[in-house]
Structure formats: C-alpha cells, structure tokens
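# Breakdown of the fold
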Amino acid sequence: MQPSAPSLSEDEVRAIIDRHLALEGPLLPILHALQEACGHIPEAAREPICDALNITRAELHGVITFYHDFREAPTGRHVLKICRAEACQAMGGAALGEATLARLGLGWHGTTANGALTVEPVYCLGLCACAPAAMLNERPVGRVDRARMDALLAEAGA
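Summarised in this report is the structure supplied together with it. Treat the numbers as computed from the prediction; the structure is a model and nothing was measured.

Calculation rules
- Residues numbered from 1 in each chain as written.
- Predicted model: local features only at pLDDT ≥ 70, side-chain atom pairs only at ≥ 80, totals over all residues.
- Heavy atoms only, no water.
- Helix = DSSP H or I, 4+ residues; strand = E, 2+ residues; numbered from the N terminus.
- Buried < 20%, exposed > 50% of the residue type's maximum accessible area, 1.4 Å probe, protein only.
- Contact = heavy atoms within 4.5 Å.
- Areas by Shrake-Rupley, 256 points an atom, 1.4 Å probe, with all protein chains shown as cover.
- Lys, Arg positive; Asp, Glu negative; His and termini not counted.
- Charge placed at Lys NZ, Arg CZ, Asp CG, Glu CD.
- Phe/Tyr/Trp six-rings, centres within 6.5 Å; stacked < 30°, edge-to-face > 60°.
- Axes fitted to C-alpha atoms, helices over the stretch in contact; angles between N-to-C directions.
- Left-handed = near helix turned anticlockwise from the far one by under 90°.
- Nonpolar A, V, L, I, M, F, W, Y, C, P; charged D, E, K, R; others polar.
- Arc of directions from axis to C-beta.

What the chain contains, in helices and strands, is 7 helices and 4 strands. Reading the chain from its N terminus to its C terminus gives the helix and strand order α-α-α-α-β-α-α-β-β-β-α. Dimensions of the chain, computed from C-alpha atoms along their principal axes, come out at roughly 50 × 30 × 25 Å. Residues counted as buried form 42% of the 158 residues belonging to the chain. Considering only intrachain contacts with a sequence separation of at least 6, the fraction spanning at least 24 residues in the chain is 59%. Accessible surface, the chain: about 8,500 Å² in total, of which carbon and sulfur atoms supply 54%. Measuring between centres, the 13 positive side-chain charges of the chain sit 10 Å from its 19 negative side-chain charges.

So, in structure tokens, the structure goes:
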C-alpha cells in the first residue's frame, strides 16, 4: 500500500459497483474491490454505493467500521498488525504493542511521517500457541519479542 493511495474517478467507482451488482449480497465484494483498488474505502465512493444498493450512509458506515480489515483512510506502504487478543496479551503483547507505538510516536492506526508504516490493532491472528503475534503485510509472525519487532520495523523502513 502507498502513503498517497491512488484515487478513483467517478467512472471507475461506478464500474466497480456495476461489476458486482448481479451478486447476491454485493456490498462486501464492492467494498473489497474498492479497497483493493486504492487501499481504503474512499469517501467519494460512498454515495454511489448507497444509491446503487438502496442503503443509508449510516448502514454503509456500520459495515465499514464493523469489519477491521476495511479502512477509511490510506495507509503507509507497509501495515503492521499487532494482536490484542487475550492469549497475546497474556504473553506480553500489550506491553509490546505500547512500546512499539511509543517508539514510533504513533497511536493505533497511525502512520509514520515517512509514510512507510501504519500500525493497527488486530483481535486474533490465530497464532495463540505462538503468542504474542503480529502480521506485517499479511505475513503472520509468532513469538514476537522486542528483537523480532525491531526486525519487523526495520523491514518496513520505520
């Protein structure tokens, strides 16, 4: 993903919506396609989605914010997800997450000034036996300690 995500024209947004309208329950496929195209769900796409599916902006907002993988804003070139579920927290994940955010001078969902990295919370990566866990660019990493986190941050250019 890129710090300045590509923008879509009105025609491109409409084409994405139209490609999915024949599906049963097209909202999630439309949102996934938009996010794949520009890294987030652009504000300019919301009204056309609502019009095409006859849903309210509140309903659309509810879906976008319910699913943690949908983003309302562009991210950095790399995305680091740090698990905040119980098993990871019990194994030091909370302290690791807070130390990482403090080191980078960020809050959750923050992006480094150089646009290299966005840090997001995630609520279970399925690596409970290898806690604490993280994911860099969709690559899961278990048994994350300070040294392994330092390596992940360096890999991301943060």
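The next subject is the environment of alanine 90. Relative to the assigned elements, alanine 90 resides in helix 5 (residues 86-90). Spatially, the C-alpha atom of alanine 90 lies 8.2 Å from that of proline 132, the residues being 42 residues apart in sequence.

What follows concerns the packing of aromatic side chains. Note on aromatic pairs: each is described by the distance of the centres and the angle between the planes. Inspection of the entire model under this criterion finds 2 aromatic pairs. Judged by centre distance (4.9 Å) and plane angle (90°), the ring pair of phenylalanine 66 and tyrosine 67 falls under edge-to-face. By relative accessible area, which is 56% here, phenylalanine 66 ends up exposed. When its relative accessible area of 37% is taken as the criterion, tyrosine 67 is described as partly exposed. For the pair tyrosine 67 and phenylalanine 70, a centre-to-centre distance of 6.1 Å together with 85° between the ring planes defines the contact as edge-to-face. Of the aromatic side chains, those joined through ring pairs into one cluster are Phe66, Tyr67 and Phe70.

Another point: the packing of helix 1 (residues 10-20) against helix 2 (residues 27-38). Relative orientation and spacing of two packed helices are given, respectively, by the angle between their axes and the distance between those axes. Contact geometry of helix 1 with helix 2 gives a least axis separation of 9 Å together with a crossing angle of 145°. The crossing of helix 1 and helix 2 is right-handed. Touching Val13, Ile16, Ile17 and His20 of helix 1 are Pro29, Ile30, Ala33, Leu34 and Ala37, all from helix 2. The residue inventory of the contact of helix 1 with helix 2, partitioned by class, reads 8 nonpolar, 1 polar and no charged.

Attention now goes to helix 1. Residues of helix 1 that are buried: Val13, Ile16, Ile17 and His20. Buried positions in helix 1, seen along its axis, are confined to an arc of 95° and lie on one side of it. Of the exposed residues in helix 1, the ones pointing more than 90 degrees away from its buried face are Asp11 and Arg19. As for helix 1, its buried residues are in contact with helix 2 and helix 3 (43-53).

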